[in-house]
Amino acid sequence: MPRITINKIREMKQKGEKITMLTAYDYVTAKLVDEAGIPLILVGDSLGMVVLGYETTIPVTIEEMLHHTRAVVRGTSRALIVGDMPFMTYHLNTEQALSNAAKFIQEAGTQAVKLEGGVTVADKVKRIVECGIPVMGHIGLTPQSINQIGGHRIQGKTLEVAARILDDAKALEQAGAFAVVLETVPAALAKLITGKISIPTIGIGAGIGCDGQVQVINDVLGSYTDFVPKHAKQYAKLVDVMSNAISQYHEEVTTGKFPTKENSFPMDESILEALKGK
Ligand code: KIV
């Protein structure tokens, strides 16, 4: 089956079909997400926290993103892969934004990029799209700006901020973005924005009224426990499974239960005898 295209994603909104998006950061996980038929995979800069152990997404570099993105692309054949542009790789000017967006497409093999911001980045989005690179926007809570926002807090509870987020959504639509992530905004605001723009809204902590949903895979699998956001639902508790397996292995090595004959390679007795005499 050919890869999902941005036209297919747009069509899903028009037909009222819900869109699933999930993050992935490595080959094995990406393969599972792709095989599950999920149409959109985001190699999010959240990898800085859930894979690399940074406190925020701010230290993530483009080299780290490209390294993980290549692995995700290698593990997939059907999903549309979106590469997340890290902090300060698209802020300086349009040419910087374009040349870094191109790295995701040319060097890592994604079909699209994502960047944070609305009105303030619309000129960059327009230029990138004009050069043939599909862009997904990201507004509401934008984690790369947490120092400015004052933490991971809900956005759009006042008329002023809600109106700004609506303007951001419209600016991204105007600039040619094919979809927009709405992060941590009131459900009613996300529903209103979804009805006012023609491009799909993909919510995270934005309620049921969005055209689609995105989650960080570690939250869905229960494999990252430093911080579990309120909007996340753990469909498994992988951290317990992993921890049990690691402890059991440790116990079996120290008590001599592992490896068994089944985990070892046999040798011809005559060769062994010959060696003993040496
Ligand atoms: O980096 C990421 O995983 C994201 C999602 C939370 C939308 O940007």
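Predicted, not measured: the structure shown is a model, and the values here were computed from it.

Trainee: Can you help me understand the site of the ligand in this one?
Mentor: Surrounding the ligand, one finds T23, L42, G44, D45, S46, D84, K114, H138, V181, I204 and V216. One of the side-chain N or O atoms of S46 is found 2.5 Å from an oxygen atom in the ligand. Contacts to the ligand include K114, whose side-chain N or O atom sits 3.0 Å from an oxygen atom. Isolated, the ligand exposes 260 Å² of accessible area, and the fraction of that covered by the protein chains is 95%.

Trainee: When you look at the domain arrangement of the chain in this model, what are you seeing that I'm missing?
Mentor: A common way to state how big an interface is: give the accessible area lost once the parts meet. Parsing the chain into structural domains produces domain 1 (6–236) and domain 2 (241–276). Taking only C-alpha atoms, the centre of domain 1 and the centre of domain 2 are 46 Å apart.

Trainee: When you look at the nonpolar core in this model, what are you seeing that I'm missing?
Mentor: Considering soluble globular proteins, one finds that nonpolar side chains tend to be buried as a cluster. L115, V125, I128, L182 and I193 are the most contacted members of the largest nonpolar core, which totals 59 residues. Examining the composition of this core, we find that 8 residues originate from one element, helix 8 (residues 159–175), more than from any other. If near-sequence neighbours (up to four positions away) are discounted, V125 is found in contact with L115, V135, L172, A175 and A177. Membership of the second largest hydrophobic core comes to 18 residues, among which are M12, L42, V181 and I204.

Trainee: Would you take a moment to explain unusual backbone geometry for this structure?
Mentor: For residues that are not glycine, phi is negative in most cases, and the peptide bond is trans in most cases. Put simply, F258 and P259 share a cis peptide bond, and its omega is 5 degrees. With respect to the secondary-structure elements, P259 resides in the loop between helix 11 (238–254) and helix 12 (269–276). Positioned with a positive phi, T184 is a non-glycine residue whose angle comes to about 45 degrees. Secondary-structure assignment places T184 in the loop between strand 6 (179–183) and helix 9 (187–196).

Trainee: Is there a simple way to explain helix 2 (residues 27–35) in this structure?
Mentor: For an α-helix the count is 3.6 residues per turn, leaving residues at separations of three or four pointing the same way. T29, A30, V33 and D34 are the residues of helix 2 that are buried. Angularly, the buried residues of helix 2 cover 135 degrees about the axis, an arc narrow enough to put them on a single face. Away from its buried face, by an angle of more than 90 degrees, helix 2 presents the exposed residues V28, L32 and E35. Measuring from the backbone nitrogen of V28 back to the side-chain oxygen at the start of helix 2 gives 3.1 Å, which picks out D26 as the cap. Just downstream of helix 2, G37 is the residue with a positive phi angle, here 85 degrees.

Trainee: Help me understand the packing of aromatic side chains in this model?
Mentor: Working definition: an aromatic ring pair is given by the centre-to-centre distance plus the angle between the planes. A full pass over the atoms with the stated rule returns 1 aromatic pair. Measuring from centroid to centroid gives 5.9 Å for Y249 and F258, while their planes differ by 70 degrees, and the two rings are edge-to-face. What makes F258 partly exposed here is its relative accessible area of 35%.

Trainee: I'm lost on the environment of P229 in this one. Help?
Mentor: Structurally, P229 can be placed in the loop between helix 10 (217–221) and helix 11. Looking at P229, the relative accessible area reads 14%, which means it is buried. The spacing of P229 and T76 is 153 residues in sequence and 28 Å in space, taken between C-alpha atoms.

Trainee: What exactly am I supposed to notice about the pairing of strand 6 here?
Mentor: The two faces of the sheet receive side chains in turn, since in a regular strand these alternate between them. Most of strand 6 sits out of view: 5 of its 5 residues are buried. Looking at chain direction, strand 5 (residues 135–140) and strand 6 are connected through 5 bridges and run parallel. Along strand 6, the bridge assignment pairs G137 with V180. With 4 bridges connecting them, strand 6 and strand 7 (residues 201–204) associate as parallel partners. Pairing of V181 across the sheet is with I202, part of strand 7. In the classification by handedness, the crossover that spans strand 6, the intervening helix 9 and the parallel strand 7 is right-handed.

Trainee: How should I be thinking about the packing of helix 8 against helix 9 in this particular structure?
Mentor: What describes two packed helices is the angle between their axes and the distance between those same axes. For the pair helix 8 and helix 9, the least separation of the axes is 10 Å and the interaxial angle reads 30 degrees. As far as their axial angle goes, helix 9 and helix 8 are roughly parallel. Viewed along their axes, helix 8 and helix 9 form a crossing whose handedness is right-handed. Contacts between helix 8 and helix 9 involve A162, I165, L166 and A169 from the former and L189, L192, I193 and K196 from the latter.

Trainee: Would you mind going over the environment of T23 with me for this structure?
Mentor: Relative to the elements of secondary structure, T23 occurs in strand 1 (residues 19–23). In the structure, T23 is positioned 61 residues away from D84 in sequence and 10 Å away in space, judged by C-alpha atoms. Not counting residues up to four positions away in its chain, the partners in contact with T23 are L42, S46, Q215, V216 and I217. At 2.9 Å, the side chain of T23 and the side chain of Y25 are in polar contact.

Criteria and cut-off values
Residues numbered from 1 in each chain as written. Predicted model: local features only at pLDDT ≥ 70, side-chain atom pairs only at ≥ 80, totals over all residues. Heavy atoms only, no water. Near = heavy atom within 4 Å. Polar contact = N/O pair within 3.5 Å; in protein donor to acceptor, adjacent residues only side chain to side chain. Areas by Shrake-Rupley, 256 points an atom, 1.4 Å probe, with all protein chains shown as cover. Domains from an automatic or database assignment. Core = buried A, V, L, I, M, F, W, Y, C linked by side-chain atoms within 4.5 Å. Buried < 20%, exposed > 50% of the residue type's maximum accessible area, 1.4 Å probe, protein only. Helix = DSSP H or I, 4+ residues; strand = E, 2+ residues; numbered from the N terminus. Contact = heavy atoms within 4.5 Å. Arc of directions from axis to C-beta. Phe/Tyr/Trp six-rings, centres within 6.5 Å; stacked < 30°, edge-to-face > 60°. Pairing = 2+ DSSP bridges. Right-handed = clockwise from strand over helix to strand, strands pointing away. Axes fitted to C-alpha atoms, helices over the stretch in contact; angles between N-to-C directions. Parallel < 35°, antiparallel > 145°, perpendicular 65-115°, else oblique. Left-handed = near helix turned anticlockwise from the far one by under 90°.

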